Amino acid sequence: MYQNLSVSRGPMYDPASVQPMRDELTAVGFEELLTPEEVDRAVRETTGTLFVVVNSVCGCAAGSARPAATAALQHTVIPDRFVTVFAGQERDAVDSMRGYFAGMPPSSPSMAILRNGALEYMLPRHEIEGREAEDIATELREVFDRLCSRPGPSIPAEEYARLEHEHICGSKIPRIN
């Protein structure tokens, strides 16, 4: 299961402890990118809009970012593809993805939309912290309406209703590196 983890810089947290944080996003269709090569291939091969979530173990990822991203994908218009990288876990993949966020400082959690490899929208951590998930989801839906054209939602409403969000802060997860 963890065979594709970065070998040059290992994960900072126990992979089993952060798995529920990954599962929240993959449950609604996010594809995890674990290596710089996977990041480059996803950006290069995606025609149209690519929604990126830089996942994190922090409290604002748990309380706002992940719930907002998953709720936004229940909209009637969604990005063509959605991917995620995990800060502090696959650090080389995260660094590679951040290279596509021209002019933006490193930020996690964060969300971005790329169109044909170019940054079209960015929601950095400081615009996530302290906001309710539904407020962020509303902003994302407005961005999807403006930039995207794929019909949504990403998964049926019945499936989404069963999604459980992991509300644990990273300070409760032991570091391994």
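In what follows, the structure referred to is the one given above.
Residues numbered from 1 in each chain as written. Predicted model: local features only at pLDDT ≥ 70, side-chain atom pairs only at ≥ 80, totals over all residues. Heavy atoms only, no water.

Chemist: I keep staring at the overall build of the chain and nothing clicks. Help me out?
Modeler: Summing up its helical and strand segments, the chain has 6 helices and 7 strands in all. Counted from the first residue to the last, the chain has its helices and strands arranged as α-β-α-β-α-β-β-α-β-β-α-β-α. The C-alpha radius of gyration computed for the chain amounts to 15 Å, which stays within 12% of the reference 16 Å derived for 177 residues, consistent with globular compactness. Its C-alpha atoms give the chain principal-axis dimensions of roughly 40 × 35 × 30 Å. Out of the 177 residues belonging to the chain, those deemed buried represent 53%. (Helix = DSSP H or I, 4+ residues; strand = E, 2+ residues; numbered from the N terminus. Rg over C-alpha atoms; globule rule 2.2 N^0.38 Å. Buried < 20%, exposed > 50% of the residue type's maximum accessible area, 1.4 Å probe, protein only.)

Chemist: Explain helix 2 (residues 36-45) to me, please; I cannot follow it from the model alone.
Modeler: Along helix 2, the positions that sit buried rather than exposed are Val39, Ala42 and Val43. Buried residues of helix 2, seen end-on, are gathered within an arc of 95° and therefore sit on one face of the element. With respect to the buried face of helix 2, the exposed residues turned more than 90 degrees away are Glu37, Arg44 and Glu45. Lining the buried residues of helix 2 we find strand 2 (49-55), strand 4 (81-86), helix 4 (91-98) and strand 5 (110-115). (Arc of directions from axis to C-beta. Contact = heavy atoms within 4.5 Å.)

Chemist: Quick question: what am I supposed to make of the side chain of serine 110 here?
Modeler: Following the sequence through the fold, serine 110 ends up in strand 5. Within the structure, the side chain of serine 110 is placed 2.9 Å from the backbone oxygen of serine 107, a separation counted as a polar contact. Residues contacting serine 110, with those up to four places away along its chain left out, are Val52, Val53, Val54, Met122, Leu123, Pro124, Arg125 and Ile128. (Polar contact = N/O pair within 3.5 Å; in protein donor to acceptor, adjacent residues only side chain to side chain.)

Chemist: Got a minute to help me understand helix 4 in this structure?
Modeler: In an α-helix, one turn spans 3.6 residues; hence positions three or four apart end up facing the same way. With 6 of its 8 residues buried, helix 4 lies for the most part within the structure. Restricting attention to buried positions, one finds in helix 4 the residues Arg91, Asp92, Ala93, Val94, Ser96 and Met97.

Chemist: I keep staring at unusual backbone geometry and nothing clicks. Help me out?
Modeler: A negative phi angle is the norm for most residues apart from glycine, just as the trans form is the norm for most peptide bonds. With an omega dihedral of 0°, the bond running from serine 108 to proline 109 counts as a cis peptide bond. The step from glycine 152 to proline 153 runs through a cis peptide bond, and the omega angle for that step is 5°. With respect to the secondary-structure elements, proline 153 resides in the loop between strand 7 (150-151) and helix 6 (157-161). Phi is positive for asparagine 116, which is not a glycine, with a value near 50°. Note that asparagine 116 resides in the loop between strand 5 and strand 6 (118-123).

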